[in-house]
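Descriptive analysis of the structure
The primary structure of each chain is shown beneath.
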Amino acid sequence: MSSEHTPLLDPEVCGLSVGLAVCGMGPETAPAPGPDPGPDSPDVPKKESRKLNTFFGVMVPTILSMFSIVLFLRSGFVVGHAGLLQGLLMLVVAYTIISLTILSICAISTNGAIKGGGAYYMISRSLGPEFGGSIGLMFFLAKVCACGVYVLGLVEAILDVFGVDPELSAPGVRALPVGYWYTVLYSSVVLLLCLVVCLVGAHIYARTAFIILLVVNVTLLSIVISPLAVKPRDWVISRPGPGNLTSRYNVSYTGFNATTLRSNLGPGYSLDYSTNTVTSFATVFAVMFTSCTGIMAGANMSGELKTPSVSIPKGTISAVLYTFIVYVILFLLVSSTCERALLIQDYGFLKQINIWPPFVIIGIYCASLSAAMSSMIGASRILHALALDELFGLPLAPAAIKSSSGNPWMAVVYTWALAQCVVFAGQLNAVAGLVTVFYLLAYAAVDLACLALEWASAPNFRPTFQVFSWHTCLLGIMSCLVMMFVINPAYSSASIIILLLLLLFLHYRAPTSSWGYISQALIFHQVRKYLLMLDVRKDHVKFWRPQVLLMVANPRSSCQLILFVNQLKKGGLFVLGHVQLGDLDTLPSDPVQQQYNFWLSLVDKLGVKAFVDLTLSLSVRQGTQHLLRITGLGGMKPNTLVLGFYDSCCPEDYFLQDAAFCHSATGSGDAESCNFGVDLPSLQAHFPPVRHVESHRWLSPQEYVGIISDAIKMNKNVCLGRYFFQLEGEGKDSKVDGAERTIDVWPLNLLQPSGGDRVDVCSLFLLQMACVLNMSTRWRHARMRIFLNVETESDEQGWAVDEETFRDLLRKLRIRATIKIVSWDSAVRCCREGAGDNPGGGDGLVAGGGRGEEHAEKEGSEATARVLPEEFLSAVNLLLVQHSSQAAVRFLYLPRPPAPPSQSQRYLAQLEALTQGLGPTLLIHGVTPVTCTDL
């Protein structure tokens, strides 16, 4: 656990190469070196591996990825089919979407140290492992598909120059045979070349990428000046048509011409000769958008950047502005100089109109090859980060392997193998839609991460990049989702379904992380607002529900009661309370704080929906008072206290019976990565063994009864649970549906044989609790029986009237139950005979115990435990055993405890005699109205 002396900043985590001073620590304040986390640590990259600056690490790969094959091979395709106006519209829409995403990337990347994994690292550390892992895998697949697209584009350019053309009688340099399988073969060779370069390392690529960028810029310059030097010309293009026919097209290069520009302004969607399908706005936009999928090329190199939080925003924005200007100039250039037929029928037309055609050929080859290698390197870094985080287990485990220089060569091999599968598509345009959808989904996830951080209002979210808001994030998400479905509804729906399946898989499989969960911050933010809206002054009896504080001394002997109360809460608050005896003045630190993780792990093991509240006090009674007063918040505070029964029964150890507590925890992860550092052996060792018969009791009878009295004084309902260790079928894996179960309710005070109201507030509360249990999942099909104890010999007509009145009450309360009339004349006679022999006796346990609550409150301070004959208690117990021995659980009326502490022992003895040998029994004393007959 961290303390005020724990260093908060790791110089390596800062990602800066200028030393500790940059992190705000000089040599004299630097923390002592800790244990080496190892070269394979997911969160501690080697300091010497960070060598790239903004230009080489971000701008160069981003520009090359955004140019790729679209710049030279698909600019004419976009303008030819969509026209200049729609082409520029597509460009503006695409760059608007990526600009909104760039704002989110810049905000996240300047909010803390960025490590290896790029977009995956940003999303996972912002949204948590479920979103991070699923989106990271989708983004990895997008990069893999993009790598395949760039390779296919490169092969298309190669075959356009060196492929055999049947229309030419003299083959010349056209020596490469063409066809589907030849395309796959050539693509595989190119991919193998990319694999070799990427296995050498990202630094080699970064240095060669600068040379490639120079070549591409020289090519662009030649394209811009060519219309000034190349004269207009016409030629014929041959394309295979339907069947064995060949179609020929007369195409023209006009140079700068106003007529050509006007003819190219509007759209002219027609047949795409590479896929033999008719184009549309969506299909052309999908191809064009592949030029915008490189905005994270620099972010994916975050593990190699010296200062990622500085380089990523600056380099990405500069690269996007540069590429946008280049694309606008190129669109204007080709629409002003080339007729539409040339743009549509020849994707490689730029080399035909260049002052020196090899310029364009070299530019195409360099841009395509560098984009393919950039995608392969970026994808491998994402996969390597996924493997290090162990989110997908064994299938990705080999991808965590690195070379001695830090290059994740196994992740590169994985990426190469999957990209090899992509090239079997055979055509660039056939895969472009899938690539675009995957990228748009990843961009939407980045915007979602930034939006969640902004909405959570976390104090630690204070990025140095301020040019963003939740409006830009939300607009970015909506834009990405809308364009996904515009491009290809089928791919979009499938990708979202895959994403949801990955989310579910990671939710149940992923180990607990220490990254922080944005969901927790959002939940806190919303719950706080709703708690303020939950006004206790607006409570109404119609919407009452149990809000339970269950006091637990040792969960080893209380797990069945915990599970039962979990069924009894009916969507209300459920809190496990525990009092640690001690005085904070005599202790160096609070011992309670270290216990919360163990109790929360217990809650996870049992599968109950409960909170945990622990306190330190000099006595259990005083600690329970504290918890009753301070547990909960606003309108969510306990209204019912549940205690285990106080008797001399030797408890059983639940941990020795449940398989979940007997078997050792499995899994390759260590304890720190599973269940917040609490493994099963630690959990078992934390809670002491169950109490033996001879063991010292920390709680006296007077203190126990005092807790009950305190709760009633604080207007809390009280429940005492006995024999719940005998209850079965309450575990989270239980298949019990309650069809064979019976719930028995004795709503009248069995310890007051005469006098008083037949039904009071306590009786109604007891009926309500039984009804709540009958509505829970595992008790829904259980039968409820209500027993009315009457004196048939003394007043036959009176008890019949009482029975009819009670039936009418149940109808008004909508409680479906079977009413059983039980004669207890013999028990009453025993009580009266014992009272005649004992002058101090009486006809009830507590003064006012069976009367209305108002009268009980008035006499509560003077309540005394009267002497009840043992024969009466035995007779009532026998009555209960005869009629309720087969019930799964029993609800009994709990009388108000006596005021004098000296009578606490007698009070508990009478309750013990009453419930002796019954099985799971809940004694209930209710003080609040809980039922309503109105609509």
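As the structure is a prediction and not an experimental result, all values here were calculated from the model.

Let us look at the overall build of the protein chain. The helix and strand inventory of the protein chain stands at 27 helices and 14 strands. When the 935 residues of the protein chain are sorted by exposure, 53% land in the buried category.

On to the environment of His781. Relative to the helices and strands, His781 resides in the loop between α22 (761-774) and β11 (783-790). For the pair His781 and Ala739, spaced 42 residues apart in sequence, the C-alpha to C-alpha distance is 4.7 Å.

Before going further, it helps to spend a moment on the side chain of Gln595. With respect to the helices and strands, the residue Gln595 is situated in the loop between β6 (574-581) and α17 (596-606). A distance of 3.0 Å separates the side chain of Gln595 from the side chain of Gln580, its partner in a polar contact. Ignoring anything within four residues of it in the chain, the contact list for Gln595 reads His578, Gln580, Leu614 and His686.

Below, the discussion takes up the environment of Met288. Here Met288 shows up in helix α7 (residues 281-289). Separated by 217 residues in the primary sequence, Met288 and Leu71 have C-alpha atoms spaced 9.2 Å apart. Apart from the residues within four sequence positions on either side, Met288 is in contact with Val70, Val78, Met90, Leu91, Ala94 and Phe331.

For the rest of this paragraph, the subject is the packing of aromatic side chains. Per the counting criterion, the structure on display carries 30 aromatic pairs. Ring centres 5.3 Å apart and planes at 65 degrees place the aromatic pair Phe56 and Phe210 in the edge-to-face group. Of this pair, Phe56 sits in helix α1 (residues 54-109) while Phe210 sits in helix α5 (residues 202-229); the two residues are 154 residues apart in sequence, bridging distant segments of the chain. A residue is classified by how much of its surface remains accessible, and Phe56, at 31% relative accessible area, is partly exposed. Look at Trp356 and Phe359: their rings are 5.1 Å apart centre to centre, the planes differ by 90 degrees, and that puts the pair in the edge-to-face class. Through a chain of ring-to-ring contacts, the aromatic side chains of Phe139, Phe281, Phe285, Phe289, Tyr439 and Tyr443 assemble into a single cluster. Taking NZ or CZ as reference, Arg741 lies 4.1 Å from the ring centre of Trp779, over its face.

Strands sit in the order β7-β6-β5-β8-β9-β14-β13-β10-β11-β12 across an open sheet of 10 strands; the sheet is mixed. The open sheet terminates on both sides in strands that have one partner only, identified here as β7 (611-617) and β12 (818-823). On average, each strand axis in the sheet is inclined to that of its neighbour by 25 degrees, with strand direction left out of account. The sheet contact formed by strand β10 (residues 742-746) and strand β13 (residues 889-893) spans four bridges and is parallel. Pairing of Ile743 across the sheet is with Val889, part of β13. On the sheet, helix α26 (residues 870-884) packs against β10, β11, β12 and β13 and is oriented at approximately 150 degrees with respect to β10.

The residue Glu390 is not glycine, and still its phi comes out positive at about 55 degrees. Structurally, the position occupied by Glu390 is in the loop between α10 (358-389) and α11 (409-422). Here the phi dihedral of Asn715 falls at roughly 60 degrees; this positive angle occurs in a residue that is not glycine. Mapping Asn715 onto the fold places it in the loop between α21 (701-713) and β9 (717-722). By relative accessible area, Asn715 is classed as partly exposed at 42%.

Turning our attention to the pattern of salt bridges. Under the counting rule described, the total for this entry stands at 10 salt bridges. Put simply, Arg74 and Glu156 hold a salt bridge, and the shortest N to O gap is 3.0 Å. Of this pair, Arg74 sits in helix α1 while Glu156 sits in helix α3 (residues 129-162), and the two are 82 residues apart along the sequence. Glu156 shares its class with Arg74; the two are buried. For Arg621, the salt bridge is made with Asp710, and the minimal N-O distance between the two is 2.6 Å.

Put simply, helix α12 (residues 428-456) and helix α14 (residues 489-509) touch, their axes get as near as 10 Å, and they point 45 degrees apart. Compared by their axis directions, α12 and α14 come out oblique. You can see that α12 and α14 cross each other, and the crossing is right-handed. The residues of α14 that touch α12, namely those facing Ala430, Gly433, Leu434, Val437, Phe438 and Leu441, are Tyr491, Ser492, Ser495, Ile496 and Leu499. Residue composition of the contact of α12 with α14, by class: eight nonpolar, three polar and no charged.

Turning to the confidence of the model for the protein chain, a few remarks are in order. Atomic detail in the predicted coordinates should be set aside for any region of low pLDDT. Per-residue confidence for the protein chain gives a mean pLDDT of 80; residues scoring 70 or more make up 83%. Note that pLDDT drops below 50 for residues 1-48; the model gives that stretch 45 contacts with residues more than four away or on any other chain. When the criterion is pLDDT under 50, residues 839-864 qualifies, and its contacts beyond four places in sequence or with other chains add up to 69 contacts.

Attention now goes to the pairing of β10. Within β10, five of the five residues are buried, which leaves it mostly tucked inside the rest of the structure. As judged from the four bridges shared by β10 and β11, these two strands associate in the parallel manner. Paired with Ile743 across the two strands is Met784, which belongs to β11.

What follows covers the nonpolar core. Taken as a class, soluble globular proteins show a tendency for nonpolar side chains to be buried jointly. Among the nonpolar cores identified, the biggest contains 159 residues, and Leu71, Phe72, Ile98, Val216 and Ile295 are the most heavily contacted of them. If you tally residues by element for this core, the top one is α1, at 29 residues. The contacts of Val216, once residues within four sequence positions are left out, are Leu64, Phe67, Leu71, Phe72, Gly363 and Ala367.

In this section: the packing of helix α4 (residues 180-200) against α11. Direction vectors running N to C along α4 and α11 enclose 170 degrees, while the axes themselves pass 10 Å from each other. With respect to each other, α4 and α11 are oriented roughly antiparallel. As α4 packs across α11, the resulting crossing turns out to be right-handed. Packed against α4, whose contacting residues are Ser188, Leu191, Leu192, Leu195, Cys198 and Leu199, the element α11 presents Trp409, Val412, Val413, Trp416, Ala419 and Gln420 at the interface. Tallied by class, residues from the contact of α4 with α11 come to 10 nonpolar, two polar and no charged.

What follows covers a nonpolar patch on the surface. A grouping of Leu221, Val224, Ile225, Leu228, Phe256, Ile325, Ile329, Ile355, Trp356 and Ile362 is seen on the molecular surface, where their side chains present a nonpolar patch of about 970 Å² in accessible area. Elements that contribute at least two residues to the nonpolar patch include exactly α5 and α8 (308-337). If one sorts the elements of the nonpolar patch by residue count, α5 sits on top with four residues. With respect to the helices, strands and loops of the structure, Ile325 is situated in helix α8.

Next up on the list: α3. For α3, with 34 residues, the first-to-last C-alpha span of 48 Å sits near the 50 Å given by 1.5 Å per residue. With 29 of 34 residues buried, α3 is to be regarded as a mostly interior element.

On to α17. Of the residues making up α17, those classed as buried are Phe598, Trp599, Ser601, Leu602, Val603 and Leu606. Residues of α17 that are buried in the fold lie against α16 (559-568), β6, β7, α19 (659-662) and α20 (680-686). Phi turns positive, to about 75 degrees, at Gly607, one or two residues after α17.

Mapped onto the elements, Phe661 comes out in helix α19. Taking relative accessible area as the criterion, Phe661 reaches 1% and is therefore assigned buried. The sequence separation of Phe661 and Leu680 amounts to 19 residues, and the corresponding C-alpha distance is 7.0 Å. When sequence neighbours within four positions are dropped, the list of residues in contact with Phe661 reads Leu602, Lys605, Leu606, Tyr654, Phe655, Leu680, Leu683 and Gln684.

For the rest of this paragraph, the subject is the state of the cysteines. This model, assessed by the stated rule, comprises zero disulfides. Cys106 carries a free sulfur, and the closest cysteine sulfur to it, the one in Cys450, is 9.7 Å from it.

Scoring rules and cut-offs
Residues numbered from 1 in each chain as written. Predicted model: local features only at pLDDT ≥ 70, side-chain atom pairs only at ≥ 80, totals over all residues. Heavy atoms only, no water. Helix = DSSP H or I, 4+ residues; strand = E, 2+ residues; numbered from the N terminus. Buried < 20%, exposed > 50% of the residue type's maximum accessible area, 1.4 Å probe, protein only. Polar contact = N/O pair within 3.5 Å; in protein donor to acceptor, adjacent residues only side chain to side chain. Contact = heavy atoms within 4.5 Å. Phe/Tyr/Trp six-rings, centres within 6.5 Å; stacked < 30°, edge-to-face > 60°. Lys NZ or Arg CZ within 6 Å of the ring centre and 35° of its normal. Pairing = 2+ DSSP bridges. Axes fitted to C-alpha atoms, helices over the stretch in contact; angles between N-to-C directions. Salt bridge = Lys/Arg side-chain N within 4 Å of Asp/Glu carboxyl O. Parallel < 35°, antiparallel > 145°, perpendicular 65-115°, else oblique. Left-handed = near helix turned anticlockwise from the far one by under 90°. Nonpolar A, V, L, I, M, F, W, Y, C, P; charged D, E, K, R; others polar. pLDDT = per-residue confidence, 0-100. Core = buried A, V, L, I, M, F, W, Y, C linked by side-chain atoms within 4.5 Å. Patch = residues over 30% accessible without salt bridge, like charges linked within 9 Å, V, L, I, M, F, W, Y side chains within 5 Å. Areas by Shrake-Rupley, 256 points an atom, 1.4 Å probe, with all protein chains shown as cover. Expected span 1.5 Å × (residues − 1). Disulfide = S-S within 2.5 Å.

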